[in-house]
Amino acid sequence: MLRNRLAHCANWMGRHLAVFRSGIAVFTLLASLVVTPAALGSDLASVPHGKRRSALSGAYLHVGPAGLVLDEGVSIRAAGQPHVGADIFVKSQLTLGIEAGYFLNPNFAISLTGGIPPVAKIELSGTMSGMGTVGKTTYGPVGLTAHYHFREFGRVQPYAGVGPVLFYVFDDEDGVLTNLKARHSVGFALQAGADFMLDENWGVFIDVKKVFLQTQAHGSLGGLPIKADVRLDPLVVHSGVTYRF
């Protein structure tokens, strides 16, 4: 039992670190492509006050690749009876993420995060390992978060926030489980990130959201009705380009 738990922890950490490193790599690449000595030599504080409105308030966009790593788990009932030891495995997904936000003042902002809906391929594991793919679900997590931005560090502007997340299911595709249907659900997210501003409008960013999310699914396996309480809890690592209007 202890060995299995240690193996699960090691696997979980490895999957999260791989996506986090990918986000850092994208952020570093973008910064190296667009940062010039001249840009670094100037300071946002030196921009005339009348031209700094776009940097300190108003709308902004974050656009770039987003990696999702699920910390998945499941409680399965077959014909009303618990199936002890059954579990699921979902591979990490990569998609295009878009965050649209608005600064209420220089420090406080709200934003809506979405993107191209990823497809989750759900595999059986645990005592049901080797039985095949449960099915596929096309879903769209959408987060509405409020966050505080720290402006006192110049070009590097870290932030932290929190807010609700909607798990919206667009489509289900059967595997070994027929008539697969996953429910929409609502959870919440903790958010942390940083903008690295190149001028008053353009910059690059890295953003990490830890989402706490559960859903329910049902279907049939060999004629038996199956119900499952599914824990998703994804880590979302998003990086790319910042534009402030």
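Source: prediction; values computed, not measured.

What counts and what doesn't
Residues numbered from 1 in each chain as written. Predicted model: local features only at pLDDT ≥ 70, side-chain atom pairs only at ≥ 80, totals over all residues. Heavy atoms only, no water. Helix = DSSP H or I, 4+ residues; strand = E, 2+ residues; numbered from the N terminus. Buried < 20%, exposed > 50% of the residue type's maximum accessible area, 1.4 Å probe, protein only. Pairing = 2+ DSSP bridges. Contact = heavy atoms within 4.5 Å. Polar contact = N/O pair within 3.5 Å; in protein donor to acceptor, adjacent residues only side chain to side chain. pLDDT = per-residue confidence, 0-100. Patch = residues over 30% accessible without salt bridge, like charges linked within 9 Å, V, L, I, M, F, W, Y side chains within 5 Å. Areas by Shrake-Rupley, 256 points an atom, 1.4 Å probe, with all protein chains shown as cover. Salt bridge = Lys/Arg side-chain N within 4 Å of Asp/Glu carboxyl O. Phe/Tyr/Trp six-rings, centres within 6.5 Å; stacked < 30°, edge-to-face > 60°. Lys NZ or Arg CZ within 6 Å of the ring centre and 35° of its normal.

### Brief notes about the overall build of the chain
Looking only at helices and strands, one finds 3 helices and 15 strands in the chain. Put simply, the chain has 245 residues, and 43% of those count as buried.

### As for the sheet that holds strand β2 (residues 73–78)
Read across the sheet, 5 strands follow the order β3-β2-β14-β13-β10 without closing on themselves; strand pairing throughout is antiparallel. Strands with a single pairing partner mark the edges of an open sheet, and in this sheet they are β3 (81–82) and β10 (178–182). Across 3 bridges, the pairing between β10 and strand β13 (residues 214–221) is antiparallel. The partner of Thr 178 across the bridge, within β13, is Ser 220.

### Looking at the environment of Ser 220
Along the chain, Ser 220 falls in strand β13. Put simply, Ser 220 and Thr 178 are 42 residues apart on the chain and 5.1 Å apart in space, counted from C-alpha to C-alpha. Contact partners of Ser 220, with chain neighbours within four places excluded, come to Val 176, Leu 177, Thr 178, Asn 179 and Ile 226.

### Re the side chain of Thr 113
Here Thr 113 is to be found in strand β6 (residues 108–115). Within the structure, Thr 113 has its side chain in polar contact with the side chain of Glu 99 (distance 3.4 Å). Beyond its immediate stretch of four places on either side in the chain, Thr 113 contacts Ile 98, Glu 99, Pro 141, Val 142, Gly 143 and Lys 209.

### Concerning the confidence of the model for the chain
Summarising the model, the chain shows a mean pLDDT of 82, and 77% of its residues fall at 70 or more. Scored below 50 in pLDDT, residues 12–20 shows 17 contacts in the model against residues more than four places distant or in partner chains. Low confidence marks residues 45–55, where pLDDT is under 50. Its contacts with residues over four positions away, or in another chain, come to 12 contacts.

### Quick notes on a nonpolar patch on the surface
A contiguous nonpolar surface patch, about 750 Å² in accessible area, is contributed by Tyr 102, Leu 104, Phe 108, Ile 110, Tyr 148, Phe 150, Phe 153 and Val 156. With respect to the element layout, Phe 153 can be found in the loop between β8 (133–149) and β9 (156–174).

### Topic: unusual backbone geometry
Even without glycine at this site, Ala 79 takes up a positive phi of about 55 degrees. Note on placement: Ala 79 falls in the loop between β2 and β3. A relative accessible area of 43% places Ala 79 in the partly exposed class. Residues other than glycine seldom take positive phi values, yet Asn 179 does so here, at roughly 55 degrees. For Asn 179, the position within the fold is in strand β10. Of the residues examined, Asn 179 reaches a relative accessible area of 56% and is grouped as exposed.

### Details of the pattern of salt bridges
For the structure on display, the rule yields 5 salt bridges. Taking the shortest distance from any N to any O, the salt bridge between Asp 71 and Arg 231 comes out at 3.8 Å. Here Arg 231 lies in strand β14 (residues 224–231) and Asp 71 lies in the loop between β1 (58–69) and β2, a separation of 160 residues in the sequence. The exposure class assigned to Asp 71 is buried, which follows from its relative accessible area of 17%.

### Digging into the environment of Ile 76
With respect to the element layout, Ile 76 can be found in strand β2. C-alpha separation for the pair Ile 76 and Val 230, spaced 154 residues apart in sequence, amounts to 8.5 Å. In this view, Ile 76 contacts Gln 81, Pro 82, His 83, Ala 86, Met 128, Ile 226, Lys 227 and Ala 228; residues no more than four positions away in its chain are not counted.

### Looking at the packing of aromatic side chains
To describe a pair of aromatic rings, you give the distance between the ring centres and the angle between the ring planes. Across all of its chains, the model carries 8 aromatic pairs by this definition. Here Tyr 168 and Phe 170 contribute two aromatic rings whose centre-to-centre distance is 4.9 Å and whose plane-to-plane angle is 65 degrees, an arrangement assigned as edge-to-face. Feature note: the residues Phe 108, Tyr 148 and Phe 150 constitute an aromatic cluster, connected by ring pairs. Above the plane of the ring of Phe 103 lies Arg 151, whose end atom (NZ or CZ) is 4.7 Å from the centre. Directly above the aromatic system of Phe 212 lies the positively charged group of Lys 210, at a separation of 5.9 Å from the ring centroid.

### Some details on the pairing of strand β15 (residues 235–244)
With 8 of 10 residues buried, β15 lies mostly within the body of the structure. Note that β1 and β15 share 8 bridges and pair antiparallel. What sits directly across from Tyr 60, in β15, is Arg 244. Bridge count for strand β12 (residues 202–212) against β15 is 9 bridges, and the pairing is antiparallel. Within β15, the position partnered with Lys 210 by the bridge is Leu 235.

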